[in-house]
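Architecture at a glance
Chain residues, written in single-letter form:
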Protein chains: 2
Amino acid sequence: MEKVNLREKFALFDEYWSPKLVGELSGQSVKIAKLKGEFIWHHHEAEEELFMVIKGRLTIKLPEEDVVLEEGEFFIVPRGVEHKPVAEEEAHILMFEPKSTLNTGNVRSERTVETLETL
Amino acid sequence: MEKVNLREKFALFDEYWSPKLVGELSGQSVKIAKLKGEFIWHHHEAEEELFMVIKGRLTIKLPEEDVVLEEGEFFIVPRGVEHKPVAEEEAHILMFEPKSTLNTGNVRSERTVETLETL
């Protein structure tokens, strides 16, 4: 049985906005991603999504406020709530959410990642 | 909607081996705990349990090996697998598991925490 070292996993890829699967338990997935720039507005009909910042800073824009996450902070986006992640500088994040959760939620675009790579 | 700062949450309590609830999503809970010393051998019949080290070092003893987790590392204990967490020095950990998961699993002892405090 293998432990997961986040630093080692982050060293394995460079793409932004392409979540990688690093763990699964009880129907939920642990995913990591590197983010830089602005993502798109979207929501998830049925799924809640936890974002934790491992390195850098992530702003999660919501309809009525911005949530700014620093290292060691997390935020849970409730189901159905529109959100738009923005990282001015490269940010490394960890997510907890169902494996089936599409990164772009209700929106299909060139940024949609249909099949996650497992690291 | 509130973000969670792990450092601030850890500053709110001193007890060891007493998990605190800091988030919930999709039937799963995010819990934190301070650990020091040896816990008891136990398993969880139906639940998988993720341990991530935020500060310090945690050894998860398994029947046939020890998994040593440093900061930024996590391990998922499969359901039914006996395990015993040990922290020689104070360790701060984050757990991801169902809210209903009892800290001592199949064992009831003086270390069982029936009702989690929410921070």
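None of these values were measured; they are calculated from a predicted model. (Residues numbered from 1 in each chain as written. Chains lettered and ligands numbered in written order. Predicted model: local features only at pLDDT ≥ 70, side-chain atom pairs only at ≥ 80, totals over all residues. Heavy atoms only, no water.)

1. Brief notes about the overall build of chain A
Along its length, chain A carries one helix and nine strands. Reading chain A from its N end, one meets helices and strands in the order β-α-β-β-β-β-β-β-β-β. On C-alpha atoms alone, chain A measures out to a radius of gyration of 13 Å, which is about the 14 Å that the 2.2 N^0.38 rule sets for 119 residues. In terms of overall dimensions, chain A has a C-alpha envelope of 45 × 30 × 25 Å along the principal axes. Across the 119 residues that make up chain A, the buried fraction comes to 55%. Here chain A has roughly 5,600 Å² of accessible surface; of this, 45% comes from carbon and sulfur atoms. For chain A, the centre of its 15 positive side-chain charges and the centre of its 24 negative side-chain charges are spaced 5 Å apart. (Helix = DSSP H or I, 4+ residues; strand = E, 2+ residues; numbered from the N terminus. Rg over C-alpha atoms; globule rule 2.2 N^0.38 Å. Buried < 20%, exposed > 50% of the residue type's maximum accessible area, 1.4 Å probe, protein only. Areas by Shrake-Rupley, 256 points an atom, 1.4 Å probe, with all protein chains shown as cover. Lys, Arg positive; Asp, Glu negative; His and termini not counted. Charge placed at Lys NZ, Arg CZ, Asp CG, Glu CD.)

2. Some remarks on the relation of the copies chain B and chain A
Take chain B, turn it by 180°, move it 0.0 Å along the axis, and it overlays chain A with an RMSD of 0.0 Å. The superposition of one copy onto the other is thereby described by a two-fold rotation axis. Comparing interface residues between copies, 100% of those in chain B also lie at the interface in chain A; the contact surface is shared. (Least-squares fit on C-alpha atoms with pLDDT ≥ 70 in both. Contact = heavy atoms within 4.5 Å.)

3. With respect to the side chain of A:Thr101
Residue and element names in this part refer to chain A. The topology assignment puts Thr-101 in the loop between strand 8 (84-98) and strand 9 (117-118). Given the relative accessible area of 5%, Thr-101 is considered buried. Residues contacting Thr-101, with those up to four places away along its chain left out, are Lys-31, His-44, Glu-47 and Glu-49.

4. Focus: the side chain of A:Gln28
With respect to the helices, strands and loops of the structure, A:Gln28 is situated in strand 3 (residues 28-38). According to the relative accessible area criterion, A:Gln28 is buried, its value standing at 6%. With near-sequence residues (within four places) excluded, A:Gln28 lies in contact with A:Gly23, A:Glu97, A:Pro98, B:Ser26, B:Gln28 and B:Phe96.

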